[in-house]
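If you want the building blocks of each chain, they are given just below.
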Amino acid sequence: MIITKSISRFARNTVDCLTHTRMLKALGVDVYFEEQNIHTLSADGEMMLTILAYYAQEESLSASENQKWRIRKNFEQGIPNTFSLYGYRCINKSITVYEPEAKVVRQIFEMYLSGIGSITIANHLNSLNIPSPSGNEWVPRTIVSILKNEKYIGNMLLQKYYRNNHIEKRKMQNHGELPQFLVEEAHEAIIDLDTFERVQKMIADRQDRYSYQGATNRYPL
């Protein structure tokens, strides 16, 4: 016997719930849902399970949509859902510059403007034993991500990503499927606007050049 608190804890949708309980039933394993007081091996267990699993799925969808509505209303007011970024700390909802990391961010921008690519920058930071945002070694992907992030000039573009649905919850990049909200001067900048714009132009130029040359390297910047 498998004892579980409720249907919603066992599976996120009706199909999965029935598929797995039937598989277990075929093996002679009873699943008992404490909250609903249902045994899947009982005579009316599957019928009750089908009905209640549907309602549990709808309840999950409703909770998900309510959460999305709250987050998007906050976005409209320029309030981020979360804020975690290398170079900053969020203390009591106040975003402040964390100078030890901000110094590294400035160095990354300066090196890139001097013509040094993301691979060489990553290798240089690793040679100095400077921890990356993840605490591991620096990689070109992280360097490029920092160089492209508008938050370093004090702005915030909200809803860059979204979840595809309440069941899979896969993180998707927003390519116009949902509205985005730009909040200017939301916090103290680490990089000035002129430097940031020059870097964006350099990135675009390099991307065009490598694309024209048919380069296969994903991070040649």
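Thresholds, definitions, all that
Residue positions are counted from 1 within each chain, in the order its sequence is given. With the structure being a predicted model, the display of local features is reserved for residues of pLDDT at least 70 and the display and counting of side-chain atom pairs for 80 or more, all residues being used for whole-chain, interface and lining totals. Values shown for side chains rest on all heavy atoms present in the structure; no hydrogens or waters enter the calculation. Side-chain rings of Phe, Tyr and Trp (the six-membered ring for Trp) are treated as a pair once their centres are within 6.5 Å; stacked means planes under 30 degrees apart, edge-to-face means over 60, and tilted covers the remaining angles. Helical segments are the DSSP runs of H or I of at least four residues, strand segments are the runs of E of at least two, and each set is numbered from the N terminus. Throughout this description, buried means an accessible area under 20% of the type-specific maximum (1.4 Å probe, protein chains only), exposed means over 50%, and partly exposed covers the range between. The criterion for a charge sitting over a ring is simple: Lys NZ or Arg CZ within 6 Å of the ring centre, and within 35 degrees of the ring normal. A pair is scored as a salt bridge if a Lys or Arg side-chain nitrogen falls within 4 Å of a carboxyl oxygen belonging to Asp or Glu. Note that patches include only residues with greater than 30% relative accessible area and no salt bridge, and the join distances are 9 Å for like charges and 5 Å for nonpolar side chains (Val, Leu, Ile, Met, Phe, Trp, Tyr). All accessibility values rest on the Shrake-Rupley procedure with a 1.4 Å probe; residue burial counts only the protein chains present in the view. Polar contacts here mean pairs of N or O atoms no more than 3.5 Å apart (in protein, one a potential hydrogen donor and the other a potential acceptor; neighbouring residues in sequence count only if both atoms are side-chain atoms). Directions pointing from the helix axis toward each C-beta atom define the arc. Throughout, a residue-residue contact means that at least one pair of heavy atoms, one from each residue, lies within 4.5 Å. Every axis in this analysis is a line fitted to C-alpha atoms, fitted for helices over the stretch in contact. Angles between the N-to-C directions lie between 0 and 180 degrees. If an angle is under 35 degrees, it is roughly parallel; if it is over 145, roughly antiparallel; if it lies from 65 to 115, roughly perpendicular; otherwise it is oblique. Three categories are distinguished: nonpolar for Ala, Val, Leu, Ile, Met, Phe, Trp, Tyr, Cys and Pro, charged for Asp, Glu, Lys and Arg, and polar for the others, with Gly belonging to the last. Following DSSP output, two strands are said to pair if at least two bridges run between them. Two kinds of site are reported from a 1 Å grid over the protein atoms alone, namely cavities, where a 1.4 Å probe fits but cannot get out, and pockets, open sets with protein on both sides within 12 Å along at least five of seven lines, and residues are called lining when an atom falls within 4 Å of a point. Grid points are joined across faces, edges and corners, and a volume is the space filled by probe spheres set on the points.

Okay, the packing of aromatic side chains next. Tallied over the entire structure, the rule returns five aromatic pairs. Both rings, one in Y86 and one in W138, keep their centres 5.5 Å apart while their planes meet at 90 degrees; by these two values the pair is edge-to-face. On the criterion of sequence distance, the pair formed by Y86 in the loop between α3 (45–76) and β4 (88–91) and W138 in the loop between α5 (118–127) and α6 (140–148) is long-range, its members being 52 residues apart. Considered together, Y86 and W138 belong to a single accessibility category, that of buried residues. Residues Y88 and Y152 carry aromatic rings whose centres are separated by 6.2 Å and whose planes lie at 25 degrees to one another, so their mutual orientation is stacked. In this pair, Y88 is assigned in strand β4 and Y152 in the loop between α6 and β6 (156–158), connecting sequence segments 64 residues apart. Assigned by exposure class, Y88 and Y152 land together as buried. Aromatic ring contacts, followed pair by pair, group Y88, F109, Y152 and F196 into a single cluster. Here R89 stacks its cationic end above the ring of Y98, 4.0 Å away from the centre of that ring. The ring of Y112 is capped by R206, whose NZ or CZ atom sits 4.7 Å from the centre of that ring.

Attention now goes to the pattern of salt bridges. In total, this model carries five salt bridges according to the counting rule given. With its nearest N and O atoms 3.6 Å apart, the salt bridge here joins R198 to D194. A residue pair is termed a helical-turn pair when its members lie 3 or 4 positions apart in one helix, as R198 and D194 do in helix α7 (residues 193–212) at four residues. Overall, the relative accessible area of 43% leaves R198 in the partly exposed class.

Together, M47, M48 and I51 make up an exposed nonpolar region whose accessible area comes to about 270 Å². With respect to the helices and strands, I51 occurs in helix α3. For I51, a relative accessible area of 41% corresponds to the partly exposed category.

The subject of this paragraph is the environment of E99. Summarising the element assignment, E99 is placed in helix α4 (residues 99–113). On a C-alpha basis, the gap between E99 and R89 in space is 9.8 Å, while along the polypeptide they are 10 residues apart. In terms of polar contacts, E99 uses its side chain to reach the side chain of R106, at 2.6 Å.

Because an α-helix packs 3.6 residues into every turn, residues spaced three or four apart end up facing the same way. Among the residues of α5, S118, I121, A122, L125 and N126 are the ones counted as buried. Burial along α5 is one-sided: seen end-on, the buried residues are contained in an arc of 135 degrees. The inward-facing, buried residues of α5 contact α4 and α6. Within two residues after α5, N129 carries a phi angle of roughly 60 degrees, on the positive side.

This next bit is on the packing of α5 against α6. α6 packs onto α5 with a crossing angle of 105 degrees between their chain directions and a minimal axis gap of 8 Å. Our classification of the angle between α5 and α6 gives roughly perpendicular. Of the residues in α6, those touching α5 at S118, I119, I121, A122 and L125 are P140, I143 and V144. Residues that form the contact of α5 with α6 fall into these classes: seven nonpolar, one polar and no charged.

The subject of this paragraph is the pairing of β4. When a strand is regular, its side chains alternate between the sheet's two faces. Bridge count for β4 against strand β5 (residues 94–97) is four bridges, and the pairing is antiparallel. Pairing of C90 across the sheet is with I95, part of β5. With antiparallel pairing between neighbouring strands as the criterion, β4 and β5 make up a hairpin whose turn holds two residues, including N92 at a positive phi of roughly 50 degrees.

The next subject is empty space enclosed by the protein. Enumeration according to the criterion identifies one cavity of 30 Å³ or more in this entry. If you add up the space inside the largest cavity, you get close to 40 Å³. If you trace the largest cavity, you find it lined by T21, R22, K25, T40, E46 and L49. Sorting the residues of the lining of the largest cavity by element identifies α2 (14–26) and α3 as the ones contributing at least two each. No other element matches the three residues that α2 contributes to the lining of the largest cavity.

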